[in-house]
Amino acid sequence: MNPFDSTSQRPGSRTGTGVLDSLLTNCDQDTFAREVWGKRALLSKGASDFSDLFSGRAVDELISRRGLRSPFLRVAKDGSTLPTSSFTGPAGVGATIADQLDDTALWRQFDDGATLVLQALQRTWGPVGDFSARLGSELANPIQANAYITPPQNQGFDDHYDVHDVFVLQIEGTKRWVIHEPVLDSPLRDQPWTDRRDAVATAAAGEPYIDAVLEPGDALYLPRGWLHAATAQGEVSIHLTLGIHNRTRYAVAEQVVASVLANLRDDPRMRASLPLGIDAPDSADLDMVKEAILSAVPDADPYPDLARVHRSQARPGPLGPLAQHELLQNLTAETPLQLRDSLDARFDGSRLWTRVGWLEFSDEDLEHVRALVAARITTAGNLGVDLAERLVRAGVLMPVAH
């Protein structure tokens, strides 16, 4: 059985309006999946009103009041990233480790032309976290959300490419984006643009594929490898970058190879030592190893490891310990319950695998749990109060959001 494939979605495979729809104006989801995804850049003017996701007030709140630490912010100027020591320090009683954001230092650097990059906003800002989780579910790829806050007439980074796809959402102000086609199609994570500086610089000097000013509500899709540089115009620019951590065939190949190697451990010929006195295998040994590898490929099963990696690359939706405690104390047959968001719930026989662990069920309970995963909302009575309590304690069920 393939638990990894049991509920996965491809872009455009869902019906109805979703988060992806709010990022597209030039095509529908099916067209995006077929003609755009991983193939070409796409600018969507007037895609949506993104002001409910993020704002300048949110920037000030995060930097000045939330006690963020250095991994959650970078500062860039003149194409380079500044050392974290230049904008961090201790924060008084109870926060003496010198890794908290120094809002005074950040103000001075921003006033001097530096771009502020708030990282991993899916962890620190609720509306962005909810939006990212929903988009990640629709695309079946994990999402990281960063915000770029650039002073007027400044450019945070030189022409470069990313090793993941991105959606750019313009929040406030305007920014000119100059996009060029790749010098390396679909780069992997260990193939950064810095390994190809000369090729990137040469390509960036040519005719752009897109040269446009993004205004609030515009969205831009860039596949990994597409060159880009962005410059704020006559006012402060704020945009969100939703980084899509793409699942690749190369990653599948890695898991297939790992499964093959695990199977070869059971072959005594492969465990045997090479003949004494040689520092490299001869052609007969090499042919034997190649033949053993090819013979083991049909039995390779990468799906358990792929599913494990998939679950580990995102977090389940937020869960309040006190709300869970209150829910258990007052649980009755009439209590409404909902499946926790972003659990990545998948069935493998009698087991339910989730991002908070796995549970095994009897045939009778399994039928109820399958119905729960399909419906997402139920009552304790529909499940059976004992089963509902078990799922609440496991962190799978939670109070219905109001």
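To be clear, the structure that these remarks concern was listed above.
All figures in this text were calculated on a predicted structure; none of them were measured in a lab.

On to the nonpolar core. If you look at the biggest cluster of nonpolar residues, it comprises 45 residues, and the most contacted ones within it are Phe54, Leu118, Leu121 and Phe167. Counting residues in each nonpolar core, the second largest holds 22 residues, with Phe347, Val373, Leu391 and Val396 among its members.

If charged atoms from side chains of opposite charge come close, those side chains can pair. According to the stated counting rule, one finds 13 salt bridges in the structure shown. Residue Lys45 pairs with Glu215 through a salt bridge whose shortest N-O separation is 4.0 Å. Placement of Lys45 in the loop between strand S1 (42-44) and helix H2 (56-65) and of Glu215 in the loop between strand S10 (210-214) and strand S11 (219-222) is noted, with a sequence separation of 170 residues between them. With a closest N to O distance of 3.0 Å, Arg269 and Asp267 form a salt bridge. Through salt bridges that share partners, Lys45, Glu215 and Asp218 make up one connected network.

With that settled, the discussion passes to the packing of helix H7 (residues 249-264) against helix H9 (residues 283-296). Here H7 crosses H9 at 110°, and the two axes come no closer than 9 Å. Between H7 and H9, the crossing angle belongs to the class labelled roughly perpendicular. Of the two elements, H7 crosses H9, and the hand of that crossing is right-handed. Taking contact as the criterion, the partners of Val260, Asn263 and Leu264 in H7 are, on H9, Ala292, Ile293 and Ala296. Across the contact of H7 with H9, the residue classes tally to five nonpolar, one polar and no charged.

It is worth spelling out the pairing of strand S8 (residues 165-172) at this point. Along S8, seven of the eight residues are buried, which leaves the element largely enclosed by surrounding structure. Examined bridge by bridge, S8 and strand S13 (residues 237-244) share seven bridges and lie antiparallel to one another. Residue pairing across strands places Glu172 opposite Ile238, the latter belonging to S13. Direction of pairing for S8 relative to S11: antiparallel, over a ladder of four bridges. Opposite Val168, over in S11, you have Leu220 as the bridge partner.

Rules of the game
- Residues numbered from 1 in each chain as written.
- Predicted model: local features only at pLDDT ≥ 70, side-chain atom pairs only at ≥ 80, totals over all residues.
- Heavy atoms only, no water.
- Core = buried A, V, L, I, M, F, W, Y, C linked by side-chain atoms within 4.5 Å.
- Buried < 20%, exposed > 50% of the residue type's maximum accessible area, 1.4 Å probe, protein only.
- Salt bridge = Lys/Arg side-chain N within 4 Å of Asp/Glu carboxyl O.
- Helix = DSSP H or I, 4+ residues; strand = E, 2+ residues; numbered from the N terminus.
- Axes fitted to C-alpha atoms, helices over the stretch in contact; angles between N-to-C directions.
- Parallel < 35°, antiparallel > 145°, perpendicular 65-115°, else oblique.
- Left-handed = near helix turned anticlockwise from the far one by under 90°.
- Contact = heavy atoms within 4.5 Å.
- Nonpolar A, V, L, I, M, F, W, Y, C, P; charged D, E, K, R; others polar.
- Pairing = 2+ DSSP bridges.

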